[in-house]
Amino acid sequence: MLSRRQVNALREFEPGQDVVVSFYLDVSADRYPRREYQVKARTLIKEARDALDPGLSREVRRAAEGDLDRIEQFVALGFQREGGTRGLSVFACEPRGLWQAYPLPGPVPDLVVPAATPYLRPLWLQLYDYPRFGVVLLERAGARFLEVAGGQVRELETATSDVPSRVRRSGWAGLKGRRIQRHIDDHVQRHVKDAATRAVALAGEQDWDYLVLGGSAELSGQFVESVVAPWRERVLGVLPLPATARPAEVQEAVNRLHAEVSRTRGRRALDELLAAVRAGGQVVTGLPGTLRAVREGAATTVVVDAGFSALGFRCPACGHLDLQAGSCPRCARPLVEEPDLVTELVELALERGCQVERVREAPRLDQLRGVGAMLRYLPAPGP
Ligand SMILES: [Zn+2]
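Residues numbered from 1 in each chain as written. Predicted model: local features only at pLDDT ≥ 70, side-chain atom pairs only at ≥ 80, totals over all residues.

Residues Val 21, Val 294, Ala 299, Val 302, Leu 345, Ala 349 and Ala 373 are the most contacted members of the largest nonpolar core, which totals 65 residues. Looking at this core, the element that brings in the most residues is helix H9 (residues 341-351), giving seven residues. When residues of this core are sorted by domain, at least three fall in each of domain 1 (4-129) and domain 3 (263-375). If near-sequence neighbours (up to four positions away) are discounted, Val 21 is found in contact with Ala 64, Asp 67, Leu 68, Ile 71, Ala 92, Cys 93, Val 112 and Pro 114. (Core = buried A, V, L, I, M, F, W, Y, C linked by C-beta atoms within 7 Å. Buried ≥ 20, exposed ≤ 12 C-beta atoms within 10 Å, placed from the backbone. Helix = DSSP H or I, 4+ residues; strand = E, 2+ residues; numbered from the N terminus. Domains from an automatic or database assignment. Contact = placed C-beta atoms within 7 Å.)

Laid out in structure tokens, this is it:
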């Protein structure tokens, strides 16, 4: 499943003469139980071929058509929809040696974008909606490592440490015992430290966004102390689970914890935003102002009503978002209607590195007018 590192690698792709084809397809089993998405892919590819820029050189056009054909074939023959896969993305540019296909845990809009660089906006939303969690279930004499990512759970490894039958206490002799309420034997402490080191190594290898712990308050407290920055801040919480929990239980508990943490974070962001509105701080509310702030790079945190949606317009070539129809102010192409401008705005904000919080906090949300943002500066008034 998709990781942040993969998206960043695609982002590094330097534009050249060639066309990069970015392809997104909703392949959800509930909508397409018998893989009817293959028919839809054929139509999308045909439309994209017909709509290729007539100004392309013959060579570039032929390469782009070849990429479109390969994508169509891949959907028909190569791609296997597995459980938990609801979207598919493919990025192709044969002349530059690019071919990446990623099954995605969440649905995506059906989209073919031929452009100079990969079109990545929907992927940022996937990363946001489906973070990658490393789970460490701690015991006094062992640690179990799992991964919850992309709607799936994976057992990674188990570490065991030999528990000596007679625990050496000499290391603790000089310490003021009364003040050490959490009395952890030094071998247990060493083992927890090892688990923390291993977790950080795995976090790097597996491109995790968060760590989640399981085990007693003592052990997990010790773990957090042993874990290096920035991972200490990325420990999401402690699961009320035994080290023997089934993977499905772990997955469910992780999802519940994440939902809870997101709710708390969203509520706090909304509080801050509304307080700043009252104080006349550097904030905007409402769609026009927020869109402008995100587009200009002035927004730091975007808070959006999870039920808010709006129609708008999007440039099919450069991705510019607008509330008015007409031609793109950046590249003069005619703008196309965008039925879900709010999702596009969220994706753009994520791509720009903003913190995004989707909240369900009626009635306080009314003051927000759908969406708002904290700003690093007040953008100049304008269209
Ligand atoms: Zn444009």
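This brings us to the pairing of strand S9 (residues 235-239). Relative to S9, strand S8 (residues 210-214) is paired through four bridges, and the arrangement is parallel. Bridge assignment links Val 212 to a residue of S9, and that residue is Gly 237. At this point the chain moves from S8, through helix H6 (residues 217-226), to the parallel S9, and the crossover so formed is right-handed. (Pairing = 2+ DSSP bridges. Right-handed = clockwise from strand over helix to strand, strands pointing away.)

Let us now look at the sheet that holds strand S15 (residues 355-359). Overall, mixed pairing links the four strands, which are arranged S10-S16-S11-S15 in an open sheet. Edge positions in the sheet fall to strand S10 (283-285) and S15, since each of these pairs with one other strand and no more. In this sheet, adjacent strand axes meet at a mean angle of 15 degrees when their direction is disregarded. In terms of strand pairing, strand S11 (residues 299-305) meets strand S16 (residues 371-375) through five bridges, oriented antiparallel. Within S16, the residue paired with Val 303 across the bridge is Gly 372. Helix-sheet contacts for helix H7 (residues 247-278) involve S10, S11, S15 and S16, and the interaxial angle to S15 is about 100 degrees. (Axes fitted to C-alpha atoms, helices over the stretch in contact; angles between N-to-C directions.)

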